[in-house]
Amino acid sequence: MKSSIGIDENAVVSSKSLNNSKKMLKNMKGRTPVFTYLVLGFWTLMCVFPLYWMFTFSLKSNSEIFGENVLGLPKEWLWSNYSDALNVGSSGDSFWQSGMVRYFKNSGIVTVLTIAVTIVCALMACYALTRMKWKGRNTVNNIFMLGLTIPIHAALLPVFLMLKTFNMTNSYQALVIPYSAFALAMAIMIFGSFMVNIPEELEESACLDGCGTFGIFFKIILPLMRPAVSTVAIFIFLQAWNELMFATIFNSGSQYKTLPVGINEFFGSYTTKWGPIGAALVIATFPTLLVYAFISKKIQDSLIAGAIKG
């Protein structure tokens, strides 16, 4: 009898403590500390302020930018800065012949091709390195990972000499090939961390149903890798869209100049109008914000998926 009474008393105590903990959790959920709102509000301000400053910067004159009105709204909204930005490097009177449109088009072509080439090559290489059993795959994987230790601009001279030898300078492939090559190591590392968590039983079931290697890759593995593909795509986009050094040296002709190179043409030898430069930066930054807005959910899903094993 004593033991049963002791057990009942322990059960009552544990149930009371459980109810108390539930009440505490409800109270914590219902009350958010003021400090939390202050920290989040400050962090939001820090994130939004550069966008606000860049936009107002693009509508000011040099006198406002340098001293008269650095942080405030423009006293005179100079929308003409955007037309000046679009007309830099123009080859005709048409909008489609303006220099900024040409730079925008070149950056878009180079970025899209770089993303496509890198993702296709990295996915196939990662599948061979993580799912297929063959001699020397660890050595090959280590060679790929060495690419993470090499700064992209450290290979500037050898890459330029190779491109010049094969007459590939002043072309889209002069940028697409080096960008893809240097992004391959990072893409393989990210894809590999996702692919090892895909159960092998899925491939075995597909193999029993008659799928070959390519069928398993395209029908089983590829659909499950969408979050990782989104993550790699945004990283490659930022790298290819903003890269300056390779684009300046490998493509010296105006026909293949990208946005970062085109923006350099705003700087004069003696005087510089900073308002049109700000307008060009707004035009160059807008696609980045747009791309991230569309695939930010995929990136968040990929980060969560990469943190869960099994």
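Residues numbered from 1 in each chain as written. Predicted model: local features only at pLDDT ≥ 70, side-chain atom pairs only at ≥ 80, totals over all residues. Heavy atoms only, no water.

What to know about the overall build of the protein
Of regular secondary structure, the protein possesses 14 helices and zero strands. The buried share of the protein, reckoned over its 310 residues, is 35%. Of all intrachain contacts in the protein linking residues separated by at least 6 positions in sequence, the fraction that spans at least 24 positions is 70%. Element-wise, carbon and sulfur atoms account for 69% of the exposed surface of the protein, whose accessible area totals about 19,200 Å². (Helix = DSSP H or I, 4+ residues; strand = E, 2+ residues; numbered from the N terminus. Buried < 20%, exposed > 50% of the residue type's maximum accessible area, 1.4 Å probe, protein only. Contact = heavy atoms within 4.5 Å. Areas by Shrake-Rupley, 256 points an atom, 1.4 Å probe, with all protein chains shown as cover.)

A few points about a nonpolar patch on the surface
Taken together, the side chains of Phe49, Trp53, Val70 and Leu71 present a nonpolar region at the surface, about 350 Å² in accessible area. The topology assignment puts Phe49 in helix α2 (residues 34-57). Note on Phe49: relative accessible area 36%, which makes it partly exposed. (Patch = residues over 30% accessible without salt bridge, like charges linked within 9 Å, V, L, I, M, F, W, Y side chains within 5 Å. Salt bridge = Lys/Arg side-chain N within 4 Å of Asp/Glu carboxyl O.)

Concerning helix α4 (residues 80-87)
For α4, the set of buried residues is Asn81, Tyr82 and Ala85. Around the axis of α4, the buried residues are gathered within 100° of arc, so they sit on the same side. (Arc of directions from axis to C-beta.)

Quick look at the environment of Ser58
Looking at the secondary structure, you find Ser58 in the loop between α2 and α3 (62-68). In the structure, Ser58 is positioned 16 residues away from Pro74 in sequence and 9.3 Å away in space, judged by C-alpha atoms. In this structure Ser58 touches Leu78, Asn81, Tyr82, Gly275, Gly278, Ala279 and Val282, once residues within four positions along its chain are discounted. In this structure the side chain of Ser58 is engaged in a polar contact, spanning 2.6 Å, whose partner is the backbone oxygen of Phe55. (Polar contact = N/O pair within 3.5 Å; in protein donor to acceptor, adjacent residues only side chain to side chain.)

A look at α2
Helix length check: α2 (24 residues) gives 33 Å between terminal C-alpha atoms against 34 Å at 1.5 Å per residue, within 8%. A bend of about 35° at Val48 is the largest found in α2, and the proline Pro50 appears one to four places after it. Along α2, the residues classified as buried are Met54, Thr56 and Phe57. (Expected span 1.5 Å × (residues − 1). Bend = angle between axes of the 7 residues up to and from the residue.)

Some details on the packing of aromatic side chains
Under the definition given, this model contains 15 aromatic pairs. Each ring, one from Tyr172 and one from Tyr256, has its centre 4.9 Å from the other, and the planes form 90°; the classification is edge-to-face. You can see Tyr172 sitting in the loop between α7 (156-165) and α8 (173-195) and its partner Tyr256 sitting in the loop between α12 (245-250) and α13 (259-263), a full 84 residues away along the chain. Pairwise contacts between aromatic rings join Phe160, Tyr179, Phe182, Phe246 and Phe250 into one cluster. (Phe/Tyr/Trp six-rings, centres within 6.5 Å; stacked < 30°, edge-to-face > 60°.)

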